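Results of the structural survey
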Amino acid sequence: MAQTKADPLLVVRGITRRFGDRTILDQVDLDVAAGEAVGVVGPNGSGKSTLLRCIVGADEADGGEATLDGRVLDERRPDVRRDLAVVMDDIDFFPDLSVVEHLDLVARAHAQPDAEEVVNDVLDEVGLMEVSGQLPSTLSSGQRRRLALASAFVRPRTLLVLDEPEARLDVDGVRWLGEKLLSEKAAGRAVLLVSHDPGLVEQVCDRVVRLGGGDGADAG
Ligand SMILES: Nc1ncnc2c1ncn2[C@@H]1O[C@H](COP(=O)(O)OP(=O)(O)O)[C@@H](O)[C@H]1O
Ligand SMILES: [Mg+2]
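Residues numbered from 1 in each chain as written. Chains lettered and ligands numbered in written order. Predicted model: local features only at pLDDT ≥ 70, side-chain atom pairs only at ≥ 80, totals over all residues. Heavy atoms only, no water.

1. What about the confidence of the model for the protein?
- Looking at the protein as a whole, its pLDDT mean stands at 91, while 94% of the residues score no less than 70.
- In this model, residues 214–220 is a region of pLDDT below 50 whose contacts with residues beyond four sequence positions or in other chains number twelve contacts. (pLDDT = per-residue confidence, 0-100. Contact = heavy atoms within 4.5 Å.)

Here you go:
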């Protein structure tokens, strides 16, 4: 099928990460184009989270590089942060800010135009409107997960990176997430998704990179 592919937005080349004498990631390559979603799958401990952390610059790889639109990806750089929204496992919330205050702060800190409107829309979408005045410590674990996702969706972004976003979501939540990720692609954003939910991967991802099995990554 002759098809001109868009230049990839995210380019990952040769990412290698060792802990002591264990090589967790061995020369991992992947590309994600605008409007495309790539899945990363593999068993527990296969290095999925480490790969995402190395890609966004939250962990330092022993070798390799990730670039977003030609710039080295490092979430500590403001010009990169503006284009990148990340949902990892270990998100913290300001303990003394309510749900809506937290989202409002995140949106404004990342120079989201129409922050108030975006926050309201996202609160409604993720089903947290009713608890928007509550502190994070009073939320259920599923609601906290929804807040973590909402924190990414109130930011401007061209690349969305998600580590097991379906974790702790109920059936409706996973269904919403699938539709939301499809609409991210339709809006021309790139999505990099680690997930243990085959249905979600099937629904959203154009390609899958498999980690584990001791022979590094295998795109296919
Ligand atoms: N900071 C670290 N120090 C030592 N080992 C680590 C560190 N981070 C991750 N690992 C190890 O790397 C492997 C891959 O971990 P991880 O990327 O979290 O896997 P996954 O997300 O696929 O379950 C695991 O064996 C884990 O114990
Ligand atoms: Mg993980």
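2. Here we look at the nonpolar core
- One finds Leu103, Leu149, Val154, Leu162 and Leu181 to be the most contacted residues of the largest nonpolar core, which totals 39 residues.
- By residue number, the principal contributor to this core is helix 5 (residues 141–153), which donates six residues.
- Two domains each put at least three residues into this core: domain 1 (1–83 + 157–213) and domain 2 (92–156).
- Residues in contact with Leu162, not counting those within four places in the same chain, are Leu52, Val87, Leu149, Leu181, Val191, Leu192, Leu193 and Val194.
- Listed in part, the 30 residues of the second largest apolar core include Leu25, Val38, Leu68 and Val194. (Core = buried A, V, L, I, M, F, W, Y, C linked by side-chain atoms within 4.5 Å. Buried < 20%, exposed > 50% of the residue type's maximum accessible area, 1.4 Å probe, protein only. Helix = DSSP H or I, 4+ residues; strand = E, 2+ residues; numbered from the N terminus. Domains from an automatic or database assignment.)

3. Some points on the domain arrangement of the protein
- Domain assignment breaks the protein into domain 1 (1–83 + 157–213) and domain 2 (92–156).
- Summarising the inter-unit geometry, the C-alpha centres of domain 1 and domain 2 are found 23 Å apart.
- The interface of domain 1 with domain 2 comprises 19 residues on the first partner and twelve residues on the second.
- Regarding the contact of domain 1 and domain 2, the summed buried area is about 1,300 Å², with carbon and sulfur atoms giving 56% of it.
- Contact with domain 2 buries surface across domain 1, with Arg157, Arg168 and Trp176 losing the most and accounting together for 44% of the total.
- For the pair domain 1 and domain 2, the number of links is two salt bridges.
- Arg146 is paired through a salt bridge with Asp170; the nearest N and O atoms lie 2.9 Å apart.
- Taken together, the links from domain 1 to domain 2 amount to seven residue pairs in polar contact (both at pLDDT 80 or more). (Buried area = accessible area lost by both parts, 1.4 Å probe. Salt bridge = Lys/Arg side-chain N within 4 Å of Asp/Glu carboxyl O. Polar contact = N/O pair within 3.5 Å; in protein donor to acceptor, adjacent residues only side chain to side chain.)

4. Section: the site of ligand 1
- Neighbouring ligand 1 are the residues Phe19, Arg22, Ile24, Pro43, Asn44, Gly45, Ser46, Gly47, Lys48, Ser49 and Thr50.
- Within the contact set of ligand 1, an oxygen atom lies 3.0 Å away from a backbone nitrogen or oxygen of Gly47.
- At 2.9 Å, a side-chain N or O of Ser49 approaches an oxygen atom of ligand 1.
- Relative to its unbound accessible surface of 560 Å², ligand 1 loses 61% to contact with the protein.
- Elements supplying a minimum of two residues to the shell around ligand 1: strand 2 (22–33) and helix 1 (48–56).
- Ranked by residues supplied to the shell around ligand 1, first place goes to helix 1 with three residues. (Near = heavy atom within 4 Å. Areas by Shrake-Rupley, 256 points an atom, 1.4 Å probe, with all protein chains shown as cover.)

5. Things to note about helix 6 (residues 171–186)
- The first and last C-alpha atoms of helix 6 sit 23 Å apart over 16 residues, in line with the 22 Å expected at 1.5 Å per residue.
- Residues Gly173, Val174, Trp176, Leu177, Gly178, Lys180, Leu181, Glu184 and Lys185 constitute the buried set of helix 6.
- Next to the buried residues of helix 6 lie strand 3 (37–41), helix 4 (115–125), helix 5, strand 7 (159–163), strand 8 (190–194) and helix 7 (198–204).
- The positive-phi residue at the C-terminal boundary of helix 6 is Gly188, with phi of around 85°. (Expected span 1.5 Å × (residues − 1).)

6. Comments concerning unusual backbone geometry
- In the Ramachandran plot, Asp69 falls in the positive-phi region, its phi being about 55° despite a non-glycine side chain.
- Positionally, Asp69 belongs in the loop between strand 4 (63–68) and strand 5 (71–72).

7. Here's the deal with the sheet that holds strand 4
- Strand order in this open sheet of four strands is 2-1-4-5, and the pairing throughout is antiparallel. Since the sheet does not close on itself, it has two edges, and those belong to strand 2 and strand 5, each with one partner.
- Note that strand 1 (residues 8–19) and strand 4 share five bridges and pair antiparallel. What sits directly across from Leu10, in strand 4, is Leu68.
- Strands strand 1, strand 2 and strand 4 of the sheet are contacted by helix 1, whose axis makes an angle of about 120° with strand 1. (Pairing = 2+ DSSP bridges. Axes fitted to C-alpha atoms, helices over the stretch in contact; angles between N-to-C directions.)

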